[in-house]
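Below are the chains, spelled out letter by letter.
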Amino acid sequence: MLQKYLIEGRIEAGCDEAGRGCLAGPVTAAAVILPEGWENELINDSKQLSEHKRDLLRPIIEREALAWAVAFVEPKEIDRINILKASITAMHRAIDQLKVRPEALLIDGNRFYKYQDIPHTTIVKGDGKMLSIAAASILAKTHRDEYMRRIAQEFPQYGWDKNKGYPTKDHRAAIAAHGTTPYHRMSFQLLPQPTLFDDLD
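Please read these numbers as outputs of a predicted model, since none were measured by experiment.

Thoughts on the overall build of the chain
- Across its full length, the chain holds six helices and five strands.
- Counting from the amino terminus, the chain carries its helices and strands in the arrangement β-β-α-β-α-α-β-β-α-α-α.
- C-alpha atoms of the chain, sized along the principal axes, occupy 65 × 35 × 30 Å.
- Looking at the 201 residues of the chain, the share that counts as buried comes to 49%.
- Only carbon and sulfur atoms are counted for the fraction: they give 51% of the accessible area of the chain, which is about 10500 Å².

Some details on unusual backbone geometry
- In the Ramachandran plot, Asn-82 falls in the positive-phi region, its phi being about 90 degrees despite a non-glycine side chain.
- With respect to the helices, strands and loops of the structure, Asn-82 is situated in the loop between α2 (75-81) and α3 (83-96).
- Here Asn-82 falls in the partly exposed class, since its relative accessible area comes to 37%.
- Although it is not a glycine, Lys-125 adopts a positive phi angle of roughly 55 degrees.
- Assignment of secondary structure puts Lys-125 in the loop between β5 (120-123) and α4 (131-152).

Here's the deal with the pattern of salt bridges
- Tallied over the entire structure, the rule returns twelve salt bridges.
- Residue Glu-51 is joined to Arg-149 by a salt bridge in which the shortest nitrogen-to-oxygen separation is 3.0 Å. Placement of the pair is Glu-51 in helix α1 (residues 51-64) and Arg-149 in helix α4, with a sequence separation of 98 residues.
- The network of salt bridges with common partners includes Arg-54, Lys-141 and Asp-145.

Description of the pairing of strand β3 (residues 67-73)
- Most of β3 sits inside the fold, with five of its seven residues counted as buried.
- Across seven bridges, strand β2 (residues 27-33) lies against β3 in antiparallel orientation. Within β3, the position partnered with Ala-31 by the bridge is Ala-69.

Brief notes about the nonpolar core
- In this structure, Ile-95, Leu-98, Leu-105 and Phe-112 are the most contacted members of the largest nonpolar core, which totals 25 residues.
- At the level of elements, β1 (12-18), β2, β3, α3 and β4 (104-108) are the ones that each hand at least two residues to this core.
- Here this core gets eight residues from one element, more than from any other, and that element is α3.
- Beyond its immediate stretch of four places on either side in the chain, Phe-112 contacts Ile-88, Met-91, His-92, Ile-95, Leu-105, Ile-107, His-120 and Thr-122.
- Among the nonpolar cores identified, the runner-up in size contains 19 residues, and Leu-34, Trp-38, Ile-43 and Leu-57 belong to it.

With respect to the sheet that holds β2
- Pairing in this open sheet of five strands is mixed, and the strands run β3-β2-β1-β4-β5 from one edge to the other. Only two strands of the sheet have a single partner each, and these edge strands are β3 and β5. Averaged over all adjacent pairs, the angle separating strand axes in this sheet is 20 degrees, with direction ignored.
- Both β1 and β2 contribute to a ladder of six bridges, which runs antiparallel. Within the sheet, the bridge partner assigned to Glu-17 lies in β2 and is Ala-29.
- Sitting on the sheet, α3 is in contact with β1, β2, β3 and β4, with an inclination near 35 degrees to β2.

Conventions we followed
Residues numbered from 1 in each chain as written. Predicted model: local features only at pLDDT ≥ 70, side-chain atom pairs only at ≥ 80, totals over all residues. Heavy atoms only, no water. Helix = DSSP H or I, 4+ residues; strand = E, 2+ residues; numbered from the N terminus. Buried < 20%, exposed > 50% of the residue type's maximum accessible area, 1.4 Å probe, protein only. Areas by Shrake-Rupley, 256 points an atom, 1.4 Å probe, with all protein chains shown as cover. Salt bridge = Lys/Arg side-chain N within 4 Å of Asp/Glu carboxyl O. Pairing = 2+ DSSP bridges. Core = buried A, V, L, I, M, F, W, Y, C linked by side-chain atoms within 4.5 Å. Contact = heavy atoms within 4.5 Å. Axes fitted to C-alpha atoms, helices over the stretch in contact; angles between N-to-C directions.

So, in structure tokens, the structure goes:
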């Protein structure tokens, strides 16, 4: 069972991001405040759940949370500020939109920049430990996947409806064949580096 809170009786917002390792599309973050005592035995780290289960849980979380928000940082901004800063910026933007002000922030991972005067705790693999972070991971992932399916219609050759912008073999082959799009992160290594032996073929 996931832990419901770090400190009982405190308004805690769980925060997580999705899409950090992708070659294309935004990095997406969510912040979620759950009601005291709330539980759902299906909820887990979004990476441990099937797409069907995530899609099932998203409307439940959105309906029953005290507050939730999702924010995006687009590829151009990722290229300008770097992916770590972009991930944290997306979390800050999600927290900005919460309709209830949290008294503390629970952050998945080990890096975060202070948000206003709200204390925060970073928790490595927090999406597999804390209920609110797991809920945030589900919202970040499902909202990002929805975005990637939408832009896949604009550029069908990259298979974003399936690979969601991650560096799969097919995605890299499509970049090699068709070049890049405005949705690609130009600061990332989009194609494998040639090795010394490639010239000998």
